[in-house]
Amino acid sequence: MGYKRYKISDAVSLIQETGVANFMRCNIWHVEGRDYDLVIDTGMGLDSLKQWVNRHTNRPIKAVVTHSHFDHSGCLHEFDERLGHPAEADILANPLNERTLFTGSWTRIGIIDPRQHPEFSPESYHVQAAPLTGYLDEGDVLDLGDSAYQILHLPGHSPGSIGLYDVKKRALFSGDALYDGELLDSLYHSDKSTYLQTLERIESLGAEVFHAGHYPSFGKDRMQQLIDSYREGNNSLGDVEAWYEENRLSMGDMFADQDWSGSHV
Ligand SMILES: [Zn+2]
């Protein structure tokens, strides 16, 4: 089956899509609640995520997409309840490859393991249309009954990027607004000055745990390092293919499973 699951805490599990390169594979978060569960982001859609998640819960599921890029929105269409920011709605309803970013460099570097997904072809891959059934915007709250998440609008990486903040636990699901890696701020719909404002907001939020859209979770010291480094111009990724050529020899088996649960927190 195309996913692996790592328990992070009583209510939070990390789901990873297998056969996707480590640097591309998004973190899919399953948050279990008293009244309903959240699935935050949905991977590339190579195998059914809904079937997989339903093996682990009987509660209703609200699928939340932090933004519309292909590595986060691939299985959104499977879920009955699909929530995201209005500024990403049009892309999710009409997910042409140029709009979901499955274009250019990402189609030319081998992000999918042919041993695990022999049927995958970059020529035919696309995200299926997943019109949102409800909007999430700044100030909204998702109340699961025994936990609650504030919606933060975190634009910059994309116009409708959102985060989900558990105020009580000071834990932020940050999507691609901040992760422990080089940030992407020069995509077709990115905005660098907006991105910096978003990072300054994250910096002053008081969050202590960051469950990001990629790479391992981290704490506030690492958050500060990442943002400081970005401000100094050292933590953004420009040309993807050049980055890949520079780094691929040191990546080892980039399709290996990596248990990132709890690291750096
Ligand atoms: Zn993204």
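Everything below is about the structure shown above.
Undergrad: I keep staring at the sheet that holds strand E3 (residues 28-31) and nothing clicks. Help me out?
TA: Each strand in a sheet pairs with its neighbour through backbone hydrogen bonds, running either in the same direction (parallel) or in the opposite one (antiparallel). Reading across from one edge, E1-E2-E3-E4-E5-E6-E7 is the order of the seven strands in this open sheet, with mixed pairing throughout. Edge positions in the sheet fall to strand E1 (3-7) and strand E7 (134-135), since each of these pairs with one other strand and no more. Both E1 and strand E2 (residues 12-17) contribute to a ladder of five bridges, which runs antiparallel. Pairing of Lys 4 across the sheet is with Gln 16, part of E2.

Undergrad: Help me out: how do you make sense of helix H7 (residues 220-231) in this one?
TA: Structural remark: α-helix, 3.6 residues per turn; residues separated by three or four positions point the same way. For H7, built from twelve residues, the straight-helix expectation of 16 Å at 1.5 Å per residue is met to within 8% by its first-to-last C-alpha distance of 16 Å. Residues of H7 that are buried include every one of Met 223, Leu 226, Ile 227 and Tyr 230, and no others. Along H7, the residues classed as buried sweep out an arc of 90° about the axis, all on the same side. Against the buried residues of H7 lie helix H6 (192-203), strand E12 (209-212) and strand E13 (218-219). At the C-terminal side of H7, Gly 233 shows a positive phi close to 85°.

Undergrad: Explain the coordination of the zinc ion here, please?
TA: Between any two of four tetrahedral donors, the ideal angle at the metal is 109.5 degrees; between two of six octahedral donors, it is 90 or 180 degrees. Taken together, His 67 (NE2), His 69 (ND1), His 157 (NE2) and Asp 176 (OD) make up the full set of protein donors to the zinc ion, lying 2.2 to 2.4 Å away. Classification of the site at the zinc ion as irregular follows from its four donor atoms and the range of 89 to 178° in their angles at the metal. One chain supplies every donor for the zinc ion, spaced along it as H-x1-H-x87-H-x18-D. Of this pair, His 67 sits in the loop between strand E5 (61-64) and helix H2 (70-73) while Asp 176 is found in the loop between strand E11 (171-175) and H6, placing the two residues 109 residues apart along the sequence.

Undergrad: Help me understand the packing of aromatic side chains, please; the structure alone is not making it clear to me.
TA: A complete count under the given rule lists eleven aromatic pairs for this structure. Seen from their ring centres, Phe 210 and Phe 218 are 5.2 Å apart, and the 10° between their planes marks the pair as stacked. The residues Phe 210 and Phe 218 share a single accessibility class, namely buried. Ring-pair connections join several aromatic residues into one group, and the members of that group are Phe 70, Phe 102, Phe 120 and Tyr 125.

Undergrad: I'm lost on the nonpolar core in this one. Help?
TA: Grouped burial of nonpolar side chains is what soluble globular proteins tend to show. Phe 23, Met 44, Phe 70, Ile 111, Leu 178 and Ile 202 are the most contacted members of the largest nonpolar core, which totals 44 residues. Secondary-structure elements contributing two or more residues to this core are H6, E12, H7 and helix H8 (240-247). For this core, the leading source of residues is H7, giving four residues. The residues touching Phe 23, leaving out its near neighbours within four places in the chain, are Trp 106, Ile 109, Ile 111, His 214, Tyr 215, Trp 243, Tyr 244, Met 251 and Met 254.

Undergrad: Could you clarify how one ought to interpret the state of the cysteines in this entry?
TA: In a disulfide, the sulfur atoms of two cysteines are held together by a covalent bond. Within the structure shown, the criterion is met by zero disulfides. For Cys 26, which is in no disulfide, the shortest distance to another cysteine sulfur is to Cys 75 and amounts to 9.8 Å. Note on Cys 75: relative accessible area 2%, which makes it buried.

Thresholds, definitions, all that
- Residues numbered from 1 in each chain as written.
- Predicted model: local features only at pLDDT ≥ 70, side-chain atom pairs only at ≥ 80, totals over all residues.
- Heavy atoms only, no water.
- Pairing = 2+ DSSP bridges.
- Helix = DSSP H or I, 4+ residues; strand = E, 2+ residues; numbered from the N terminus.
- Expected span 1.5 Å × (residues − 1).
- Buried < 20%, exposed > 50% of the residue type's maximum accessible area, 1.4 Å probe, protein only.
- Arc of directions from axis to C-beta.
- Contact = heavy atoms within 4.5 Å.
- Donors = N, O, S within 2.8 Å, 3.2 Å for Na, K, Ca; no water.
- Tetrahedral: all angles 85-135°; square planar, octahedral: opposite > 155°, others 65-115°.
- Phe/Tyr/Trp six-rings, centres within 6.5 Å; stacked < 30°, edge-to-face > 60°.
- Core = buried A, V, L, I, M, F, W, Y, C linked by side-chain atoms within 4.5 Å.
- Disulfide = S-S within 2.5 Å.

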